[in-house]
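A structural walkthrough
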2 protein chains.
Amino acid sequence: MKEGIVLFAHGSRDPEWSRPFESLAAELSKKHVVRLAYLELMQPPLADAIASLADAGVDSIRVVPVFLAQGGHVKQDLPRLVAAARSAHPNINITLEQAIGERPQVLAAIARAITAD
Amino acid sequence: MKEGIVLFAHGSRDPEWSRPFESLAAELSKKHVVRLAYLELMQPPLADAIASLADAGVDSIRVVPVFLAQGGHVKQDLPRLVAAARSAHPNINITLEQAIGERPQVLAAIARAITAD
């Protein structure tokens, strides 16, 4: 079984905006098969990242919303995109995970980074 | 010397969106004087959070952008808001910090949360 990970972020008109996501993808790529994807304003969209992982021969894909919080983009737009990806790739098990900002260890790290407590 | 911290986030039409920021504020408030503020769609705006900290008698304020990445909101909108706050409160030392997603220890925690490596 071969697993792929999609880091899904919002996107921005500012090319520098993608820097943290690219750093994260580079770090995770040391041990995992990783693609970045964006909701809007940056390339590639989710469908292209999923197709690229399918071409790489993965059996399963974890879609990780790299968002601090869950609003309409994560709760409505992204599930629609994931549903379309499942229809396009019925033999790949595609799971949609919780936004990273909803994970307690991430919030704890943010708190530590702010206060150096 | 009394310091205040403003956690500055984007805001959303979805009331649930603010949950991680409220958790973060609650955690930091155990040891610090903290206010939340939003760029748009949620209350209060930065000016109100700064005024609230001024009323609480702080001498200095750290404005922390709780954004994963730095685009137009963090690089253009927020500096303008901070400049206006400095004009309104000339006796308070107001510093604008780096977005939390640009801090290596936060990215490392996100990477660990995703992979459980």
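Notes on the structure follow. No experiment lies behind these values; they were computed from the predicted model shown. (Residues numbered from 1 in each chain as written. Chains lettered and ligands numbered in written order. Predicted model: local features only at pLDDT ≥ 70, side-chain atom pairs only at ≥ 80, totals over all residues. Heavy atoms only, no water.)

Moving on, we come to the overall build of chain A. A count of helices and strands for chain A gives 4 helices and 4 strands. Reading chain A from its N terminus to its C terminus gives the helix and strand order β-α-β-α-β-α-β-α. A compact globule built from 117 residues should have a C-alpha radius of gyration of about 13 Å, and chain A, at 15 Å, falls within 12% of that. Taken along its principal axes, the extent of the C-alpha atoms in chain A is 45 × 30 × 25 Å. (Helix = DSSP H or I, 4+ residues; strand = E, 2+ residues; numbered from the N terminus. Rg over C-alpha atoms; globule rule 2.2 N^0.38 Å.)

Turning next to the pattern of salt bridges. Going through the model one piece at a time under the given rule, you end up with 16 salt bridges over all chains. In this structure, R19(A) engages E102(B) in a salt bridge whose closest nitrogen and oxygen atoms are separated by 3.0 Å. A residue pair is termed interchain when its members come from two chains, as with R19(A) in helix α1 (residues 19–28) and E102(B) in the loop between β4 (93–96) and α4 (104–115). In this structure R19(A) comes out as partly exposed when scored by relative accessible area, which is 39%. Linking E97(B) and R62(B) is a salt bridge whose minimum nitrogen-to-oxygen distance equals 2.6 Å. In this pair, E97(B) sits in the loop between β4 and α4 while R62(B) sits in strand β3 (residues 60–65), placing the two residues 35 residues apart along the sequence. Of the residues examined, R62(B) reaches a relative accessible area of 14% and is grouped as buried. (Salt bridge = Lys/Arg side-chain N within 4 Å of Asp/Glu carboxyl O. Buried < 20%, exposed > 50% of the residue type's maximum accessible area, 1.4 Å probe, protein only.)

There is about 810 Å³ of room inside the largest pocket. Around the largest pocket, the lining comprises 34 residues; the ones closest to its centre are H10(A), H73(A), H10(B), F67(B) and H73(B). Among the secondary structure elements, those contributing two or more residues to the lining of the largest pocket are α3 (72–88) of chain A together with α3 (72–88) of chain B. If one sorts the elements of the lining of the largest pocket by residue count, α3(B) sits on top with 4 residues. For the lining of the largest pocket, the per-class residue count stands at 15 nonpolar, 13 polar and 6 charged. (1 Å grid on protein atoms, 1.4 Å probe; cavity = no way out; pocket = protein on both sides within 12 Å on 5 of 7 lines; lining within 4 Å. Points joined across faces, edges and corners; volume = space filled by probe spheres on them. Nonpolar A, V, L, I, M, F, W, Y, C, P; charged D, E, K, R; others polar.)

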